[in-house]
Amino acid sequence: MPKSKRTKLVTLSKTDKRVNERKEDLVESIRACVSKFTSIYVFSIMNSRSSHIKNVRESLKNSRFFFGKNRVMQIALGRTSDSEVADGISELAAQITGNCGLMFTNLPKEEVLKFFEEFTPQDFARSGQKATQDVELPIGPLPKFSHVMEPHLRKLGMPTTLIRGRVNLEKGFIVCEKGDTLTPEQANILKLLEIPMSEFKVVLKAVWSEGTLEKLSDADEGEEEEGEEEGEEEGSGNMEPVKITLNF
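Draft legend 1. Up close: the sheet that holds strand β8 (residues 166-169). Across the sheet, 3 strands lie side by side as β6-β8-β7; this open sheet has antiparallel pairing. The open sheet is flanked by β6 (140-141) and β7 (160-163), the only strands paired with a single partner. Pairing geometry for β7 and β8, over 4 bridges, is antiparallel. Residue pairing for β8: L162 is matched across the bridge by V167.

Now the structure itself:
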């Protein structure tokens, strides 16, 4: 009688070995880059999106980016003066806290700072984030949506109905108010309305170059959760909240 696949034994030591191999590869890759690049940055990401991270990598093709367990990246650089792989680099390892990554580059600091200051693409907010403005829909037709969308809009909590094949709001509807913690339904509606309320931002925390550490940000944005308000971040703090009333 053939053996059942459900009773297949798995050797846990093999799984641990693969994990350890990945950690060792990360450590070796980081250490190899220390001697190849002039500057190393510790950074955190606000409102991370894989598509925007990909764009950053493509824009800075000659630089290297690493993401991994903080402790593993700290060990790779050296957590003490005795174990550090380069003079003073253990001070940079101490800056790896929260949700961080490492960037190795030969670009001048001014060019790096300018790139990340300007690279702040807007995106749609996710549930748990704070609404940055009021959004209200007036009573009447919603020509932006086809009739097949009406059941979905109703499930999201909108008081919609079909009149002669057109989607209509039976009464005025407040999608969100500034400061609200967005629910999944509110975030979905804002995306359907194509109203972005999120900003992708890379926050440079510190840079190590030629044995010297320079802190670039005192705030530990890496420990920010998805729901933290972005209005306090550099680049979005000057944006005035506005109320949007959509008339179709």
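Still to come is the rest of the account.
Draft legend 2. Up close: the pattern of salt bridges. Evaluated as defined, the whole model comprises 4 salt bridges. Between R49 and D123 there is a salt bridge, with its nearest N and O atoms 3.7 Å apart. With R49 in the loop between β1 (39-46) and α2 (50-59) and D123 in strand β4 (residues 122-123), the pair connects residues that are 74 residues apart, well separated along the chain. Side by side, R49 and D123 carry an identical accessibility label, which is buried.

Draft legend 3. Representation of a positive patch on the surface. Taken together, the side chains of K23, K69, R71 and R79 present a region of like positive charge at the surface. Examined against the element boundaries, K69 turns out to sit in the loop between β2 (64-67) and α3 (70-77). By relative accessible area, which is 62% here, K69 ends up exposed.

Draft legend 4. Here's a closer look at the packing of aromatic side chains. This model, assessed by the stated rule, comprises 7 aromatic pairs. Ring centres 5.6 Å apart and planes at 85 degrees place the aromatic pair F43 and F67 in the edge-to-face group. Remark: F67 occurs in strand β2 and F43 occurs in strand β1; sequence separation between them is 24 residues. Assessed through its relative accessible area of 3%, F43 is described here as buried. Exposure remark for F67: the relative accessible area of 37% places this residue in the partly exposed category. Aromatic side chains F115 and F116 sit 5.0 Å apart centroid to centroid with 80 degrees between the ring planes, which places their arrangement in the edge-to-face category. Judged on exposure class, the residue F115 and its partner F116 are both buried. Through a chain of ring-to-ring contacts, the aromatic side chains of F115, F116, F119 and F200 assemble into a single cluster.

Draft legend 5. Expanded view of the environment of V27. Within the secondary structure, V27 sits in helix α1 (residues 12-34). Each C-alpha atom of the pair V27 and A76 lies 4.7 Å from the other, and the pair is 49 residues apart in sequence. For V27, the residues in contact, after removing those within four places along its chain, are V72 and A76.

Draft legend 6. Expanded view of the sheet that holds β1. With antiparallel pairing, the 5 strands of this open sheet are ordered in space as β2-β3-β1-β11-β12. The two strands at the open ends of the sheet, each matched to only one other strand, are β2 and β12 (212-215). Within this sheet the neighbouring strands show an average axis-to-axis angle of 25 degrees, counted without direction. Across 8 bridges, the pairing between β1 and strand β11 (residues 201-209) is antiparallel. Pairing of V42 across the sheet is with A206, part of β11. Sheet strands in contact with α3 are β2 and β3 (100-105), and its direction is about 35 degrees off that of β3. The strands touched by helix α5 (residues 109-118) within the sheet are β1, β3, β11 and β12, with β11 carrying the most contacts at an inclination of about 165 degrees.

Here is what the cut-offs are and how they apply
Note that residues are indexed from 1 along each chain, following the sequence as it is written. Given that this is a predicted model, residues contribute local features only at a pLDDT of at least 70 and side-chain atom pairs are listed and counted only at 80 or more, while totals for whole chains, interfaces and linings are drawn from all residues. Calculation of side-chain values draws on the structure's entire complement of heavy atoms; hydrogens and water are dropped beforehand. Here the rule is simple: two strands pair whenever DSSP picks up at least two bridges between them. Going along the chain from the N terminus, every DSSP run of H or I of four or more residues is numbered as a helix, and every run of E of two or more is numbered as a strand. We count a salt bridge whenever a side-chain nitrogen from Lys or Arg sits within 4 Å of a carboxyl oxygen from Asp or Glu. Think of it in three bands: residues with accessible area under 20% of the maximum for their type are buried, residues over 50% are exposed, and the middle band is partly exposed, with areas taken using a 1.4 Å probe on protein chains only. Distance thresholds for patches are 9 Å for like charges and 5 Å for nonpolar side chains (Val, Leu, Ile, Met, Phe, Trp, Tyr), applied to residues having over 30% relative accessible area and no salt bridge. In this description, accessible areas are obtained by the Shrake-Rupley approach with a 1.4 Å probe, and a residue is regarded as covered only by the protein chains that are shown. Only four residue types enter the charge count, namely Lys and Arg as positive and Asp and Glu as negative; His and the chain termini do not. Lysine's charge is taken at NZ, arginine's at CZ, aspartate's at CG and glutamate's at CD. Pairing of aromatic rings covers Phe, Tyr and Trp, the last through its six-membered ring, and needs centres within 6.5 Å; plane angles under 30 degrees mean stacked, over 60 mean edge-to-face, and all others mean tilted. Contacts are residue-level and defined by heavy atoms, with any inter-residue pair within 4.5 Å sufficient. The axes are straight lines fitted to the C-alpha atoms, using for helices just the contacting stretch, and the angles between their N-to-C directions are given from 0 to 180°.

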